[in-house]
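Coordinate inspection notes
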Amino acid sequence: MRRVLGVLLLALAFGALATPAHAHTEFASLGAFWSGAVHFLLSFERPALIVAFAIWAGTQQQRADAALVGAIGLGAFAAALAMRQKGIESHSAVTMAIVALVLLGAAGVARLQLGVRPVLIAALLCGLVAGAIGAAGETIGDRALNASALALVAAALAAYTLMAASFAARWRHARLG
């Protein structure tokens, strides 16, 4: 577990130091809130990271679904708001998301069971990676709206995936006849 968290923290530090790339500015005309919501959904790896994490978290014996959703949303908001320049994203956000997807896939295959606290920490890191796409806007108010939309979309995606994972687990164990 310490190695997994160490790798995620190293990836996060790498992302903080990476050079920026230009974001999807064509959605700026939608307004700060909707631009942030759409921006999160434009790439495969970030929504896939949230879905993969929620599926894996849904298999844990100790569940803390509401706290997980909150941690992912808070992490996404904090990372998006912390981006320094208008309309940028980290080059390494994609790399971090792919590394995290591989780690989550391995944890799922190994049926790795963790306590609530490590899973909440992993959820926060997952949200930080997902939020590393940045929040565009001229003013801090626009940036906050953009980051809020991004965080809400990430949290909603996690919540719906946790519900689906719970339904699938009950269905899989149901007895017919």
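Residues numbered from 1 in each chain as written. Predicted model: local features only at pLDDT ≥ 70, side-chain atom pairs only at ≥ 80, totals over all residues. Heavy atoms only, no water.

Description of the overall build of the protein chain
The helix and strand inventory of the protein chain stands at seven helices and two strands. When the 177 residues of the protein chain are sorted by exposure, 44% land in the buried category. Within the protein chain, contacts between residues at least 6 apart in sequence are counted, and of these 86% link residues at least 24 apart. Per element, the accessible surface of the protein chain, about 9,700 Å² overall, is 69% carbon and sulfur. (Helix = DSSP H or I, 4+ residues; strand = E, 2+ residues; numbered from the N terminus. Buried < 20%, exposed > 50% of the residue type's maximum accessible area, 1.4 Å probe, protein only. Contact = heavy atoms within 4.5 Å. Areas by Shrake-Rupley, 256 points an atom, 1.4 Å probe, with all protein chains shown as cover.)

A closer look at the packing of helix H3 (residues 45-58) against helix H6 (residues 116-131)
Two elements in contact, H3 and H6, have axes whose closest approach is 9 Å; the angle formed by their N-to-C orientations is 170°. With respect to H6, the element H3 is oriented roughly antiparallel. Contacts from Arg46, Leu49, Ile50, Phe53, Trp56 and Ala57 in H3 reach Val119, Ala122, Ala123, Cys126, Val129 and Ala130 in H6. Within the contact of H3 with H6, the residues separate by chemical class into eleven nonpolar, no polar and one charged. (Axes fitted to C-alpha atoms, helices over the stretch in contact; angles between N-to-C directions. Parallel < 35°, antiparallel > 145°, perpendicular 65-115°, else oblique. Nonpolar A, V, L, I, M, F, W, Y, C, P; charged D, E, K, R; others polar.)

As for the nonpolar core
Soluble globular proteins tend to pack their nonpolar side chains together in the buried interior. In terms of nonpolar packing, the biggest core is built from 38 residues, with Phe40, Ile50 and Phe53 touching the most fellow members. If you tally residues by element for this core, the top one is helix H7 (residues 140-173), at nine residues. Discounting residues that sit within four places of it in the chain, Phe40 has contacts with Arg46, Pro47, Ile50, Ala130, Ile133, Leu150, Val153, Ala154 and Leu157. (Core = buried A, V, L, I, M, F, W, Y, C linked by side-chain atoms within 4.5 Å.)

All quantities given are derived from atomic positions and should not be read as evidence of function.
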